[in-house]
Amino acid sequence: MFQPKGRPVVLAAVLTVLLLGGCVVVKDSPAPGCVEYLGIGPMGGCFGKTALLDLAVSPEIACLEVAVNNCNGGVLEIRNGCADPLTFDGVEIAPGETAVLDVVKEGEGHGLIETGGNFSDYIPERDERVEVSGRLGDRDITITFIKTAPLCE
């Protein structure tokens, strides 16, 4: 039976590229700073150890986009494609604008504040269910999610 002589070399090269490229995940996590790789992890600037999970927006409105960015601790990215402004306790997102919002603790509840990037300053000691209410024109909007405690050391 014919065995190509280059096969072991090709397999070794592919394995080396996978290990050096950090493509083999050993332990996955929604927090990028907690993902463990076999070999060198991928380069980039995402090191958050907390995350936002189970995002829900009620009611769903087609012109309003709410997304989670867990890159550096978990923030909300909200794009207001609607004709009316969106407000959350003094934070206003004008029509056609996008804002990045972080969670803050307010007494027994939570609020949202604008942040200049994708870094979250809020790190709870245990997972917290967050519910924030706002208004889009004359409509009430509720956003709920889980803000996790650190998912790794």
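Scope of this entry: the structure provided in the associated data block. Since the structure is predicted, the reported quantities are computational estimates derived from the model, not experimental observations.

The biggest cluster of nonpolar side chains holds 22 residues, and the ones touching the most others in it are L64, L76, I78, L86, F88, L101 and I143. Those elements that place two or more of their residues in this core are β4 (64-69), β5 (75-80), β6 (86-88), β7 (91-93), β8 (98-106), β10 (128-136) and β11 (139-147).

The next point concerns the sheet that holds β4. The strands making up a sheet associate through backbone hydrogen bonding, with each pair oriented either parallel or antiparallel. Overall, antiparallel pairing links the four strands, which are arranged β4-β5-β8-β9 in an open sheet. Each edge of the sheet is formed by a strand with only one pairing partner; in this case those strands are β4 and β9 (109-114). Strand-to-strand twist of the sheet, defined as the mean angle between neighbouring strand axes without regard to direction, takes the value 35°. Note that β8 and β9 share six bridges and pair antiparallel. Considered in β9, the bridge of K105 is made with H110.

What follows covers the sheet that holds strand β3 (residues 52-58). A sheet is described by the order of its strands in space; here five strands give the open sequence β3-β11-β10-β6-β7, paired in antiparallel fashion. Every other strand in the sheet has two partners, leaving β3 and β7 as the edge strands with one partner each. Averaged over all neighbouring strand pairs, the angle between strand axes comes to 25°, with direction disregarded. Bridge count between β3 and β11: five bridges; the pairing is antiparallel. Across the sheet, the residue bridging to V57 is I143, located in β11.

Under the counting rule described, the total for this entry stands at three disulfides. Across the disulfide from C34 sits C152; the S-S distance is 2.1 Å. An S-S torsion of about -80° defines the bridge between C34 and C152 as left-handed. Of this pair, C34 sits in the loop between β1 (24-27) and β2 (36-38) while C152 is found in the segment after β11, placing the two residues 118 residues apart along the sequence. Relative accessible area serves as the criterion here: at 2%, C34 is assigned to the buried category.

Following the sequence through the fold, T50 ends up in the loop between β2 and β3. Within the local environment of T50, its side chain forms a polar contact with the backbone oxygen of G73, the two atoms lying 2.7 Å apart. Side chain to side chain, T50 and K147 meet in a polar contact 3.5 Å long. Each residue touching T50, except ones within four places of it in the same chain, is listed here: A31, N70, G73, G74, Y122, I123, K147, T148, A149 and P150.

By secondary structure assignment, the location of I141 is in strand β11. I141 sits in the buried class, given a relative accessible area of 0%. Once the C-alpha coordinates of I141 and P59 are considered, the two residues, 82 residues apart in sequence, prove to be 6.4 Å apart. With residues near it in sequence (within four places) discarded, I141 still touches V57, S58, P59, I61, L64, L86, V132, S133, G134 and L136.

What counts and what doesn't
Residues numbered from 1 in each chain as written. Predicted model: local features only at pLDDT ≥ 70, side-chain atom pairs only at ≥ 80, totals over all residues. Heavy atoms only, no water. Core = buried A, V, L, I, M, F, W, Y, C linked by side-chain atoms within 4.5 Å. Buried < 20%, exposed > 50% of the residue type's maximum accessible area, 1.4 Å probe, protein only. Helix = DSSP H or I, 4+ residues; strand = E, 2+ residues; numbered from the N terminus. Pairing = 2+ DSSP bridges. Axes fitted to C-alpha atoms, helices over the stretch in contact; angles between N-to-C directions. Disulfide = S-S within 2.5 Å. Polar contact = N/O pair within 3.5 Å; in protein donor to acceptor, adjacent residues only side chain to side chain. Contact = heavy atoms within 4.5 Å.

None of this, on its own, says anything about what the molecule does.
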